[in-house]
Amino acid sequence: MHRSFTFFLILGVGLSIHIFFYLSAYVTHSLDYFFPGGTIHAYQGIDFFQVPNGMHAFLHGGALTGEGALTSYAYGNTNVYHPFFTQVVGYFFQLFPPQTAFLLWGAIKFFITIGMAILLLLKYWTNKSLPFALLLFFIFFPQYLEIWNGQYHFLLTTSLFYVIYAFLNKQSPFIIGIWYCISLLVKPIGLLWLPLFAIRRQWIVLLTGMGLFVAVSLPYLFNGHGAYYFVNLFERVNNPIGGPPGIFTLDALLRFWQMPTEMVSALRYTTLALLAFIEIKFRPKLLVSFFLWTTSYLLFYDFVFEYHYTILIPIFVFGVMTEKIFQKNFSKILMIITCLPTPFFLMHLLQIETTGALVTDTGWTLLVLFRIIPLLLLGYLMIADLMQKKPTHQ
């Protein structure tokens, strides 16, 4: 199939914007202006350094949290990542000087991204929605914050990309299960996808993914080296504390508006129960299910920072190429809005509800609403569409 000049123009513009994300993150910092203080940290890379810090500390008599060692690797957050992930990834990066490791991770991220883009081009070359999908893929603005921070959340997005790709192309369920396990090791968001797999009777995916995850987790539970991970996960689910200026959830917003925590929790679990009912009754298409379950995480988990929204990239990219509900004009508008920067840059420029680069609580409320309203509308659109159709079986 011959592609038009417009296609290559869109591809070029999208790729150029994506490259500029890296140029700004590592050199010019031009795009820092688009994010409020508290999300752009005082020290670049503190999210990245927590993992090599953890392994370095462990190798020098300390804990995988990065604490207790006589020597330190670099300044970073206390490590909260899975102990197996910390040992594998952290060991590799702590072999290099800190700044070298940080730049190396950026290079790895970039080339993995290019590899995924090439896969999309090769597999979906004739798909009429490919230009729009590639544009979403490259310009999703919260990626900048992820790149700037050196976040490992990218590996979760990558794992979901290959889970969806493998499903759509009917690859081995063992392969899907391995990618599912990798996603869980990065961040256990994928636990919310359990009903999605179970309703579709993807038992091999579940047994492979969860089996591997349990197999690499149990030793750390028994030897005590992984206690920090399980305690943190329990606390984030049961004792939410996230709020302004960095947390972008409906949960944080409702608690900030003084809704009792018990009512917020009731809303969270009611939402999950509703999604389970929708799965059983209406059997949504694959990408619709992924969107609904993943959105429940973005709305209700405790520590959801703006870069966490990048988890939507593979859902949007494959959704717009394979499922009609994503191809509707209103859906496309909502996806584009989700890709865009928040209005903070205008607030920053005009000093509306900001003090310097710091956003006020009212300003933070506006930013959170900007992020969650498109997801709520898109979810409503999908559920309304499901209810107009007879249940389908997959």
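It should be noted that the structure appears before, not after, this text.
A brief report on the enclosed structure follows.

Rules behind the numbers
Position numbers for residues count from 1 along each chain, tracking the sequence in the order it is written. Local features in this predicted model are restricted to residues of pLDDT 70 or higher, and side-chain atom pairs are both shown and tallied only at a pLDDT of 80 or more, whereas totals for entire chains, interfaces and linings draw on every residue. In computing side-chain properties, one takes all heavy atoms of the structure into account and sets aside hydrogens as well as water. Every helix listed is a DSSP run of H or I at least four residues long, and every strand listed is a run of E at least two residues long, numbered separately from the N terminus. In a helix, the anticipated span is given by 1.5 Å times the number of residues less one. Axes are fitted to the seven residues ending at a residue and to the seven starting at it; the angle between these axes is taken as the bend at that residue. Exposed residues in this analysis have more than 50% of their type's maximum accessible area, buried residues have under 20%, and partly exposed residues fall in between, with area computed by a 1.4 Å probe over protein chains only. When checking whether two residues touch, look at their non-hydrogen atoms; a contact exists if any pair is within 4.5 Å. Here, a salt bridge means any Lys or Arg side-chain nitrogen found within 4 Å of an Asp or Glu carboxyl oxygen.

**Thoughts on helix H2 (residues 46-59)**
Part 1: Over its 14 residues, H2 extends 20 Å from the first C-alpha to the last, a length consistent with the 20 Å expected when each residue adds 1.5 Å.
Part 2: Where H2 bends most, the angle comes to about 25°, and this point is Pro52.
Part 3: Among the 14 residues that make up H2, twelve are buried, leaving the element largely enclosed by the rest of the structure.
Part 4: Regarding H2, the residues found buried are Ile46, Asp47, Phe48, Phe49, Gln50, Val51, Pro52, Asn53, Gly54, Met55, His56 and Ala57.
Part 5: Trailing H2 by a residue or two, Gly61 shows a phi angle of about 90°, which is positive.

**With respect to unusual backbone geometry**
Part 1: One non-glycine residue, Arg201, lies in positive phi territory at about 55°.
Part 2: Relative to the elements of secondary structure, Arg201 occurs in the loop between helix H9 (194-199) and helix H10 (203-223).
Part 3: In the Ramachandran plot, Arg283 falls in the positive-phi region, its phi being about 45° despite a non-glycine side chain.
Part 4: Tracing the backbone through its elements, the reader meets Arg283 in the loop between helix H13 (261-282) and helix H14 (286-300).

**A short note on the side chain of His18**
Part 1: Checked against the element boundaries, His18 lands in helix H1 (residues 5-28).
Part 2: By relative accessible area, which is 1% here, His18 ends up buried.
Part 3: Non-local contacts of His18, meaning those with residues more than four positions away in its chain, are made with Phe110, Thr113, Phe138 and Gln143.

**What about helix H5 (residues 130-139)?**
Part 1: Counting buried positions over the ten residues of H5 gives nine, a clear majority of the element.
Part 2: Every buried residue of H5 is accounted for by Leu130, Pro131, Phe132, Ala133, Leu134, Leu136, Phe137, Phe138 and Ile139.
Part 3: Each element contacted by the buried residues of H5 is listed here: H1, helix H4 (98-123), helix H6 (142-149), helix H7 (153-168), helix H15 (312-322) and helix H17 (329-339).

**Overview of the pattern of salt bridges**
Part 1: The full count for this structure, using the stated rule, is seven salt bridges.
Part 2: In this structure, the salt-bridge partner of Arg255 is Asp302, at a minimum N-O distance of 3.8 Å. Placement of the pair is Arg255 in helix H12 (residues 250-256) and Asp302 in the loop between H14 and H15, with a sequence separation of 47 residues. By the burial criterion, Arg255 is buried, and Asp302 matches it.
Part 3: Arg371 is paired through a salt bridge with Glu306; the nearest N and O atoms lie 2.8 Å apart. Placement of Arg371 in helix H19 (residues 361-387) and of Glu306 in the loop between H14 and H15 is noted, with a sequence separation of 65 residues between them.

**With respect to the environment of Leu377**
Part 1: Position of Leu377 among the secondary structure elements: in helix H19.
Part 2: Leu377 sits 47 residues away from Phe330 along the chain, and the two C-alpha atoms are 9.5 Å apart.
Part 3: Beyond its immediate sequence surroundings of up to four residues, Leu377 is in contact with Phe330 and Leu334.

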